[in-house]
Amino acid sequence: MISQTDLASLLCSRLCHDLLSPVGALSNGLELLADENDPEMRERCVELLEASAKISTDKLKFFRLAFGAAGGFGDSVPIEEAQQVIGALAGDAKKIEVNWAMAENTLPKPAIKVLLNLAQIALDALLRGGRLDIGAERLEGNVEIVARATGPRIAFDETIGRALQGELGAGELTSRTAAAHMIAVLAEELGGGLQYRLADDALVLGAVIPEPEGMIG
């Protein structure tokens, strides 16, 4: 089993990788702006800076809820918070339609983490755009979550699928599979589980997460 320290290191590597591109674009935009005198080109530089700043902010908001302690919330997180961060990431990716089927207004923090990470995996699979459907409901003391990606091309590394199902050994984990492993461990600790199904034009990710004691009912 991978140590918590090694898992934290892999997750940090993943976060740094995801932020490197938009932050690098900010740096490049500032350099161009400093050397450019043409008004039209300066306007384009500002547009680049604005777009890169938005993507960086969107990713940080996602990381806060998907990997962090989500400070500022109680034991539950409003669904609206998850909808906003996923909507922003889908907007940044472009050509992706997001549909929500939520029977709840709030979900426990562990369920929100799982939902966001499954949604991110589904988004990453839509290389040429498509549709992302996300649903969640409480049923008999559990939170059931599904994220379905459909599109003309589904790009999914089944190593991530193995990580979701807890089938990767410590030596096989990488920064690419660390998030999937994290939510697999979280689900197992709570007595739940994750699963996936891959077809040519669809990827379905599911989770059953028992509600923490004291929150059922």
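What counts and how
Residues numbered from 1 in each chain as written. Predicted model: local features only at pLDDT ≥ 70, side-chain atom pairs only at ≥ 80, totals over all residues. Heavy atoms only, no water. Pairing = 2+ DSSP bridges. Helix = DSSP H or I, 4+ residues; strand = E, 2+ residues; numbered from the N terminus. Axes fitted to C-alpha atoms, helices over the stretch in contact; angles between N-to-C directions. Left-handed = near helix turned anticlockwise from the far one by under 90°. Contact = heavy atoms within 4.5 Å. Nonpolar A, V, L, I, M, F, W, Y, C, P; charged D, E, K, R; others polar. Buried < 20%, exposed > 50% of the residue type's maximum accessible area, 1.4 Å probe, protein only. Core = buried A, V, L, I, M, F, W, Y, C linked by side-chain atoms within 4.5 Å. Phe/Tyr/Trp six-rings, centres within 6.5 Å; stacked < 30°, edge-to-face > 60°. Parallel < 35°, antiparallel > 145°, perpendicular 65-115°, else oblique. Salt bridge = Lys/Arg side-chain N within 4 Å of Asp/Glu carboxyl O.

**What to know about the pairing of strand E5 (residues 142-150)**
Phase 1: When strand E4 (residues 130-139) meets E5, the two strands line up antiparallel, connected through nine bridges. For Ile134, the partnering residue across the bridge sits in E5 and is Ala147.
Phase 2: Following E4, the chain reverses through two residues before pairing antiparallel with E5; Glu140 in that reversal takes a positive phi of roughly 55°.
Phase 3: Pairing of E5 with strand E7 (residues 202-210) involves nine bridges; the strand directions are antiparallel. Bridge pairing links Ile145 to Ala207 in E7.

**Examining the packing of helix H2 (residues 39-66) against helix H3 (residues 79-93)**
Phase 1: Remark: H2 packs on H3, axes separated minimally by 9 Å, with the N-to-C direction vectors making an angle of 140°. Between H2 and H3 the crossing geometry is left-handed. Contacts between H2 and H3 involve Lys54, Ile55, Asp58, Lys59, Lys61, Phe62 and Leu65 on the former and, on the latter, Glu81, Ala82, Val85, Ile86, Ala88, Leu89 and Asp92.
Phase 2: A per-class count over the contact of H2 with H3 returns eight nonpolar, no polar and six charged.

**Regarding the side chain of Arg14**
Phase 1: Tracing the sequence through the fold places Arg14 in helix H1 (residues 4-35).
Phase 2: Here Arg14 falls in the buried class, since its relative accessible area comes to 12%.
Phase 3: Those residues in contact with Arg14 that lie beyond four places of it in its chain are Gln120, Asp124, Ser175, Arg176 and Ala179.

**Here's the deal with the nonpolar core**
Phase 1: Ile86, Val114, Leu116, Leu118, Leu132, Ile145 and Leu205 are the most contacted members of the largest nonpolar core, which has 59 residues in total.
Phase 2: Here the element with the most residues in this core is helix H4 (residues 109-125); it accounts for eleven residues.
Phase 3: Beyond its immediate chain neighbours, meaning those up to four positions away, Leu132 contacts Ile86, Ile96, Glu97, Val98, Asn99, Ala119, Ala122, Leu123, Leu126, Ala147 and Arg148.

**Brief notes about the packing of aromatic side chains**
Phase 1: Here the structure, examined in full by the defined rule, presents four aromatic pairs.
Phase 2: Consider the rings of Phe63 and Phe67, whose centres lie 6.0 Å apart with planes at 40°: the pair is tilted.
Phase 3: Seen in terms of ring centroids, Phe156 and Tyr196 are 5.4 Å apart; in terms of plane orientation they differ by 55°. Their pairing is tilted. With Phe156 in the loop between E5 and helix H5 (158-164) and Tyr196 in strand E6 (residues 193-198), the pair connects residues that are 40 residues apart, well separated along the chain.
Phase 4: By way of ring pairs, the aromatic residues Phe62, Phe63 and Phe67 are connected into one cluster.

**Comments concerning the packing of H2 against H4**
Phase 1: Where H2 contacts H4, the two axes come as close as 8 Å, and the packing angle between them is 135°. Relative to H4, the element H2 is oriented oblique. Residue-level inspection shows Phe62, Leu65 and Ala66 of H2 in contact with H4, the latter providing Lys113, Leu116, Asn117 and Gln120.
Phase 2: Residue composition of the contact of H2 with H4, by class: four nonpolar, two polar and one charged.

**A few points about the pattern of salt bridges**
Phase 1: As enumerated under the stated definition, the model contains eight salt bridges in all.
Phase 2: For Asp18, the salt bridge goes to Arg14, with nearest N and O atoms at 2.8 Å. Taken as a pair, Asp18 and Arg14 lie in helix H1 at a separation of four residues, close to a single helical turn.
Phase 3: Asp18 gets classed as buried once you look at its relative accessible area, which sits at 15%.
Phase 4: A salt bridge links Arg138 to Glu211, with the nearest nitrogen and oxygen atoms 2.8 Å apart. Of this pair, Arg138 sits in strand E4 while Glu211 sits in the segment after E7; the two residues are 73 residues apart in sequence, bridging distant segments of the chain.
Phase 5: Overall, Arg138 belongs to the partly exposed group, its relative accessible area being 27%.
Phase 6: Members of the salt-bridge network, linked through shared partners, are Glu104, Arg138 and Glu211.

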